[in-house]
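As a plain string of letters, each chain reads:
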Amino acid sequence: MSETNEQTSLFAAVDALLEEAAAKDGLPVPDERKRLREAAGLSQDQIAKALSVRRETVTSWETGRTAPRPPKRAAYARLLEGLAALHPLPGTPTVNAVNAEPPAATPPPPSPTPTVNAVNTPPAAPPTPPAPLNAVDTQASPTPQPPVNAVNTPPPARPRPRPTPTPLPLQGNGPLAVLDGTGHAHAAGGVLLTHPTSDLPSLITWALGPDADLRAPRLHRNGKDGDPLLVLTAAAAERLGLPLVLEDRRALRLPDNHPVIKQLTKAKWQLTRRGFGPWARIYRPASPSTGRQCVQLAVLPWGALDSRAWGEDTAGLPAPELAELLSTYATRVLTPRGSTAVTGLELMTALRPPTRAARNPQTNTWESAPVPGSLTRPVDPAPPEAPDEHPVVASLYPRSHQRTPDEVLDEEAYDWIRDPELLTDAECARTHAVGIDVNMAFAAAANRLTVGIGPALHTTAPRFDPKLPGCWLADLSSLSLDPRLPSPFTPHGRPPTGPAWYATPTLAYAQELGHDVHPTEAWIRPEHGPYLDAWYSRLRDAYLATMADMGVTTTLTEPEFLTAMETHKQHSPLPTAVLSAIKSTVKGGIGKLRERPQGAGYRPGEPWPALERPTWRPDIRAAVISTARVNMHRKMRKLATAAGLYPIAVLSDCAVYLSDGPSPLDFLPRTPEGKPLPGGFRLGVSPGMVKHEGTQPLLWAVQLLDEHLNPARHIKGHDAAADGE
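Residues numbered from 1 in each chain as written. Predicted model: local features only at pLDDT ≥ 70, side-chain atom pairs only at ≥ 80, totals over all residues. Heavy atoms only, no water.

**Description of the nonpolar core**
Note the threshold: Note on terminology: a nonpolar core comprises buried Ala, Val, Leu, Ile, Met, Phe, Trp, Tyr and Cys residues joined through side-chain atoms within 4.5 Å. Accessibility here uses a 1.4 Å probe with only protein chains present; expressed as a share of the type maximum, an area under 20% marks a residue as buried, one over 50% as exposed, and anything in between as partly exposed. Here a helix means four or more residues in a row that DSSP labels H or I, a strand means two or more in a row labelled E, and each is numbered from the N terminus. Residue contacts are defined here by distance: any two heavy atoms, one from each residue, within 4.5 Å place the two residues in contact.
Counting residues in hydrophobic clusters, the biggest one holds 88 residues, and the most contacted among them are W535, I582, M636, Y657 and F681. Top element by residues in this core is helix α19 (residues 618-643). It accounts for 9 residues. Those residues within four positions of I582 in sequence are excluded, and the remaining contacts are Y329, V333, M440, L539, A542, Y543 and T546. Membership of the second largest hydrophobic core comes to 32 residues, among which are A185, V191, L230 and W269.

What follows is the structure in structure tokens.
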């Protein structure tokens, strides 16, 4: 061997040792990795480009789904080490930073200076309310105990310290204020402001001015800054001359001749088409001199905060707590603009605005241009995608016609029970029925999902392309399926009996199962992209941050996770309400993509206002639900083939299995190394992982099956619909 070759070989061996040593280096916990990146103002795309990986890989590192491997790990560790030195946690040593020396002890921060607009109030008594959402739990957590009936599980690790939540990035006094009826407005962080109480026009002017300083930054460079939100308690509504009850219970709006509306009209303020209801938007047309002038009102006594989304007691919280709760939601998700469903849809537009300013090279003037990858204009649905009321359907079928599977796309969530005759003796010998529920199932399905952007094109005898969004007419009735599992092709779980329309993810899964797919007809969308990626990422981060506020983090072991989930809603009512609203935002936002007509005056076959939105896209809704159902079936099939485990019931994202014990750990299979079965259900907090939904006795579940009722709906001890599921 020459001297040069020998040196090259030695260097390669040394590099291998360095990589092995780097693999043993401790990295910061996932939440800390994200904090360091955000503190430095870096994007995931920048990190990915520097390390020559995909952005999704950086996301996985920051959520704890995967860990970096050599040689990327050493470079990532070096980056985090440098960031930790630049941005240590205030007043504490840098947690788990690589090779970082603990900084010298720092004195406690000085008391915050009073806000300029704060009202001089007498000193308050020592506070006793629950800790704020971003407070760090400084008490040592008790060591979680493994479930009594857990089998084949490693001993629980020592409890990890709870990571410090990232402070909320507020601008000014935050995005909103809650008016208590005394002339005071409560904003985020305990800020107390004074406001005019003589009339509503004066209040609107105040909300847009520097004294209120209510601001919310845009979420996309081509988007718009958030409008101020004023939340009116009952006392505040009365003081402004508003009734506590709307007389028009059908339209839920003030009559046009009400004195408050006359005040607004006289002051040249306008209302949107939905009028003055629980969520009223008051504005003046934008002009070059004044810019955008718009304020949102939420009237609590009129039911602005739906208890199904926000929790039973949220609307009755004291004004300071309500301001903190809504500000947290606004900062992590979006300033509420209506129901959580409306906000979920508005979030899509805020993250992917339809238009941008572009200079016309011919006229050298600025013009409005479409943003690539955004929904820029309303498009008609394909006939199979349209709901029965749509004008497209009315032009094809008589009004009383009931469309068959080969005429309508039926991509809905599961509602299936197994035939009790198919229960085996071994299953009947088990003692418990245990439900597991997929976290944020629809959000997880939206992640990296390619959906149509432009209009649908019709084609006959197409060659199926699993990467092309659309709906396809195909016959999957010949595919042999195990009756102990629901069919992946229908929401009711029974096998299809002939040709039917399917969204691309469903037909791609049939191909994955070995079916020779030959569509006879299709509506395809050549213009497509990952429209919902940013929407998923923001809602995922909001969900994980709120769960961390409740003591449930991505660093917990499975036994620790189950223990934390038993008590996570007992921490404080504030994060519980935020969590409920985030979940409702996901499901409601997806549902709004196919909003049906509302109001008693509607006649089938006529267009309705929602059709005018670029975001009225039933095809995107179908693709998300199809993906969620396929993801569910793929995991159930993995448990069936690898461990002989079959569910007895499935409802949307909840599956019920029979078990010898009350815990999911009593039946979820593991590898010989004691790890969760790859490709199966995995316990954890991240979207797509599962939590314990509930446990009931075996005989209880069998009785429901005999009565043709779904145990997954009642596994908690009550109807899952009561929780908005």
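**Regarding the sheet that holds strand β11 (residues 432-438)**
Condition: Should DSSP find at least two bridges between two strands, the strands are taken to pair. A fitted line through C-alpha atoms represents every axis, and for helices the fit uses only the stretch in contact; the resulting angles, taken between N-to-C directions, go from 0 to 180 degrees.
Within the open sheet, the 5 strands sit side by side as β10-β18-β19-β11-β20. Their pairing is antiparallel. Looking along the sheet, the strands with just one partner apiece sit at the ends: β10 (415-417) and β20 (690-697). Neighbour-to-neighbour, the strand axes of this sheet turn through a mean angle of 20°, independent of strand direction. Bridge count between β10 and strand β18 (residues 649-651): 3 bridges; the pairing is antiparallel. When the sheet's bridge partners are listed, I417 is paired in β18 with A649. Contacts between helix α20 (residues 698-706) and the sheet are confined to β10, β11, β19 (654-659) and β20, with β20 contributing the most and set at about 90° to the helix.

**Brief notes about the sheet that holds strand β16 (residues 521-524)**
Read from one edge to the other, the open sheet built from 4 strands follows the order β13-β16-β14-β15, with strand pairing classed as antiparallel. Every other strand in the sheet has two partners, leaving β13 (457-460) and β15 (499-503) as the edge strands with one partner each. Averaged over all pairs of adjacent strands, the angle between their axes in this sheet comes to 20°, without regard to strand direction. Relative to β16, β13 runs antiparallel, the two sharing 4 bridges. The partner of T460 across the bridge, within β16, is E521.

**A closer look at the pattern of salt bridges**
For clarity, the threshold we go by: A pair is scored as a salt bridge if a Lys or Arg side-chain nitrogen falls within 4 Å of a carboxyl oxygen belonging to Asp or Glu.
The final tally for this structure, using the stated rule, is 32 salt bridges. The salt bridge involving R215 is made with D213; its shortest N-O contact spans 2.9 Å. By relative accessible area, which is 24% here, D213 ends up partly exposed. Across the pair R273 and E612 runs a salt bridge whose closest N-O atoms are separated by 3.4 Å. With R273 in the loop between β5 (270-271) and β6 (279-287) and E612 in the loop between α18 (573-592) and α19, the pair connects residues that are 339 residues apart, well separated along the chain. Neither R273 nor E612 differs from the other in exposure class; each is exposed. The network of salt bridges with shared partners includes E385, R525, R617 and D619.

**What about α20?**
Using the following cut-off: Read the arc as the range of directions from the helix axis to the C-beta atoms.
For α20, the full list of buried residues reads L698, A701, L704 and L705. Each buried residue of α20 sits inside an arc of 130° when the element is viewed along its axis, so together they form one side. Tucked inside the fold, the buried residues of α20 contact β10, α13 (425-428), β11, β19, β20 and α21 (711-714). Downstream of α20 by a residue or two, H708 has a phi angle that is positive, lying close to 60°.

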